[in-house]
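# Notes for the structure review
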Protein chains: 2
Amino acid sequence: MPDFPFIIVRELDALRAQVAGWRGSGHKIGFVPTMGALHEGHLSLVDLAGEKADKVIVSIFVNPAQFAPHEDFDDYPRTEQSDFEKLSLRAVDAVYVPHGDAMYPPNFSTAVSVGGVTEGLESATRPHFFGGVATVVAKLLNQVQPDLAIFGEKDYQQLLTIRRMVRDLDMPIEIVGGATGREADGLAMSSRNAYLTADQRETAGELNKIMRHAIDTIEAGETPARALDKAKTALLAAGFNAVQYLELRDAETLEPVKANTKSGRLLAAVGIGDLRLIDNMPVLLP
Amino acid sequence: MPDFPFIIVRELDALRAQVAGWRGSGHKIGFVPTMGALHEGHLSLVDLAGEKADKVIVSIFVNPAQFAPHEDFDDYPRTEQSDFEKLSLRAVDAVYVPHGDAMYPPNFSTAVSVGGVTEGLESATRPHFFGGVATVVAKLLNQVQPDLAIFGEKDYQQLLTIRRMVRDLDMPIEIVGGATGREADGLAMSSRNAYLTADQRETAGELNKIMRHAIDTIEAGETPARALDKAKTALLAAGFNAVQYLELRDAETLEPVKANTKSGRLLAAVGIGDLRLIDNMPVLLP
C-alpha cells in the first residue's frame, strides 16, 4: 500500500486515541463523513473543513441502513484506493474507514428518527432513508467527536435532518453546510453521475438551468405554482422521464412556504434512464 | 435560598463550561440522572458515582416524554428544595436542573428508539415509555458528557435499554448499574412508595419475599414455570390486585431464558390499589 500523507484508521479505539491526542493539544477537529466514491464536490467539503478546523478527519463508510432492499447498496461504487489518492492532494489528517461489523454489531437495535424536516421530498420515494442516515450519522459523530462536521447542501434535506437531530439531541457539534459542487454546465456533482450515458449526461445538465430559470421568474414576481408548472413541462421536454418532485419549501423548516417565509429553497428530484438526480437552490422570497 | 455545598446549574451553557473546566483539570465526571423526589435509593447511586468519579453531577428533570397522557406526570412529586437538602449531605459537585422549554424547544422532532431489550415487560403496559426514556437520556448524556453515568438496577429494563443505546450509538460513556435500595423489609425504594397506605405498605413488603422464595426454589431445581405459577398465586393471596408480569428472562438480553442461559433475572410488576410496584432480582441458572 502506498504511503499517504494522513493516517488511515479502521478501529474505533485508535480513532478515539488519535482525536483525544489532538484535542489535548488544543486542536479543533473538523469531520467530513462520506460514502466514498469521492469527487470534487466532496473534496470542496474537505477544503471547507480545513478552513474551519485544525485537524480534518474524513470517514468513508457505505451505510447499508440507508439503502432499501431494491436500491443500489451492492453496486454503490467502492473505490478506496482512488479515494485515498484524491484525499492525499488535500489537507487531510486522518481517514476513518470503519468495518461494517463494528458499526452494526449483533443485536444492534437502536434507531434515531427525525420528524418534521424529513417529511415528503426524498422520503416520498425513500421512506427509510433518513432514519438510516440519522442513525449512522449519530454513531459517526459520537465516534469521532469533532468540533464541527460538514455536510453538503447537495443533500439539502439530509443537511437539515442532521442539523435538527444535533440540536434536538444536544450533540455538542457545529453542523456546517458546504456549497454544492457543480460541473462546468452546472450539473450538481454526484457519485452516481458516473453511470450517465453521454446522451443522459447532456440532458442532466438541463436540470439546474431549468431550476435557475424558475427561480429567476419567481424572484421577478411570478407565482410559484405557475413557475413550477412551466419548469416541470420543460424538464420532461428536455428528456427527463419523470419529475418526482419540484417543490418550493421554507429553507429552514422545509415546510411549504407561507406568506411570511423569507428564505425559500427549490428542491427537485428527476428520473433519467434508471437513475435519479437531485438538486436544490436558494430562492429569495419577497 | 440557602447555600448548598454544590453549584446549581439551570442553563446548558453554564453546565458545559463547568464540565469543560473540570475535564480540563483532569477530573473524571460521574453523572446520576434523576426525576427528583429523591430517596435513599437515589442517594446510594450518588455515593456510587462518588466512588467512581472525581466530580459528581446529579440532574433533576421530570421528563414529560416518558409519561403517557393517563399517567401521573402532573402529580409526580416535585420537591426541589428537599432534594437539594438531601444531596447536600452527599458528595455532590453540581446539580443540573434544566428547564422543560430548553429540553424540548419548538419543532423538537427527534426520537431515539431501542428495540430488543425494550420488548414486553414494562412496554406491555407503557408502550411509549422507553422511547421517552432513551430520547431524554441521550439528550442528558450529550449535555453533561460524563465519563460514566449511573442507573439503578431497580429499573432493570431501563438500565439495559440505556446500555444498549449507548453501545449502539457509540456514546463514549460507561453505564454503571447501581444496586436497588431496599427498606428494612426488603421493599424496593421508589418515589411512588410515598403514596402507599399503611395496609398497602405492609402488603408491598411481600413482593420481594415472594420473588426471593421463587428464586430459591428455581435455583434448587424447580422448573421456572411451576415456581412462577406458585409465586403468582402467593402474590394475589398477599393482597396485590394484579400480577402484570412475573417473568424469568436472560439477564443480559432480556430474552426468554434458553437451555444455555447462565445468568437470569426475575422481573415483576404488580398492582396494589391504584399503584404499581416493580422489582427484579438476579437468578443463577444451572
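Given the structure is predicted, the values throughout are model-derived calculations rather than measurements. (Residues numbered from 1 in each chain as written. Chains lettered and ligands numbered in written order. Predicted model: local features only at pLDDT ≥ 70, side-chain atom pairs only at ≥ 80, totals over all residues.)

### Regarding the domain arrangement of chain A
How big an interface is tends to be reported as the loss of accessible area on association of its parts. Residue and element names in this part refer to chain A. The assigned domain composition of chain A is domain 1 (7–178) and domain 2 (191–284). When each unit is reduced to the centre of its C-alpha atoms, the spacing between domain 1 and domain 2 is 26 Å. Between domain 1 and domain 2, the residue contacts involve 11 residues of the former and 10 residues of the latter. Among the secondary structure elements, those contributing two or more residues to the side of domain 1 that touches domain 2 are α5 (122–125) and α7 (156–168). Looking at the side of domain 1 that touches domain 2, the element that brings in the most residues is α7, giving 3 residues. The residue makeup of the side of domain 1 that touches domain 2, split by class, is 7 nonpolar, 4 polar and no charged. (Domains from an automatic or database assignment. Contact = placed C-beta atoms within 7 Å. Helix = DSSP H or I, 4+ residues; strand = E, 2+ residues; numbered from the N terminus. Nonpolar A, V, L, I, M, F, W, Y, C, P; charged D, E, K, R; others polar.)

### Remarks on the relation of the copies chain A and chain B
Note on the chain copies: they are related by a rotation about an axis and a translation along it. Each copy of the sequence occupies a distinct position, and chain A is placed on chain B by a rotation of 180° and an axial shift of 0.0 Å, giving an RMSD of 0.0 Å. The operation mapping one copy onto its partner corresponds to a two-fold rotation axis. By C-alpha distance to the rotation axis, the residue of chain A lying nearest is A:Val112, at 2.2 Å. Most of the interface of chain A is mirrored in chain B: 100% of its interface residues are interface residues there too. (Least-squares fit on C-alpha atoms with pLDDT ≥ 70 in both.)

### Remarks on helix α6 (residues 129–144) of chain A
Residue and element names in this part refer to chain A. With 16 residues, α6 should cover 22 Å at 1.5 Å per step; its first-to-last C-alpha distance of 22 Å lies within 8% of that length. Counting buried positions along α6 yields 14 of 16 residues, so the element is predominantly enclosed. Gln 145, located one to two residues past α6, shows a positive phi value of around 50°. (Expected span 1.5 Å × (residues − 1). Buried ≥ 20, exposed ≤ 12 C-beta atoms within 10 Å, placed from the backbone.)

### Structural notes on the sheet that holds strand β9 (residues 263–272) of chain A
All names here are of chain A. Pairing is antiparallel in the open sheet, where 3 strands are placed in the order β8-β9-β10. Unpaired on one side and paired on the other, β8 (242–250) and β10 (275–284) mark the two borders of the sheet. Each adjacent strand pair in this sheet contributes to an overall mean axis angle of 10°, direction not counted. Relative to β10, β9 runs antiparallel, the two sharing 10 bridges. Bridged to Val 270 within β10 is Leu 277. Against the sheet, helix α8 (residues 198–219) makes contact with β9 and β10, and its axis sits at roughly 25° relative to β10, the strand it touches most. Those strands touched by helix α9 (residues 224–238) are β8 and β9, and its axis lies near 155° from that of β8. (Pairing = 2+ DSSP bridges. Axes fitted to C-alpha atoms, helices over the stretch in contact; angles between N-to-C directions.)

### Things to note about the sheet that holds strand β2 (residues 29–34) of chain B
Residues and elements named next belong to chain B. Here 6 strands make up an open sheet; going across it, the order is β1-β4-β3-β2-β6-β7 and the pairing parallel. A single partner strand is all that each edge strand has here, and the edge strands are β1 (7–9) and β7 (174–178). Within the sheet, the average angular offset between the axes of one strand and its neighbour, ignoring direction, is 25°. As defined by bridge partners, β2 adjoins strand β3 (residues 55–60) across 6 bridges and the pair is classed as parallel. Of the residues in β3, the one forming a bridge with Thr 34 is Ile 60. The strands touched by helix α6 (residues 129–144) within the sheet are β2, β3, β4 (94–96) and β6 (148–152), with β2 carrying the most contacts at an inclination of about 150°.

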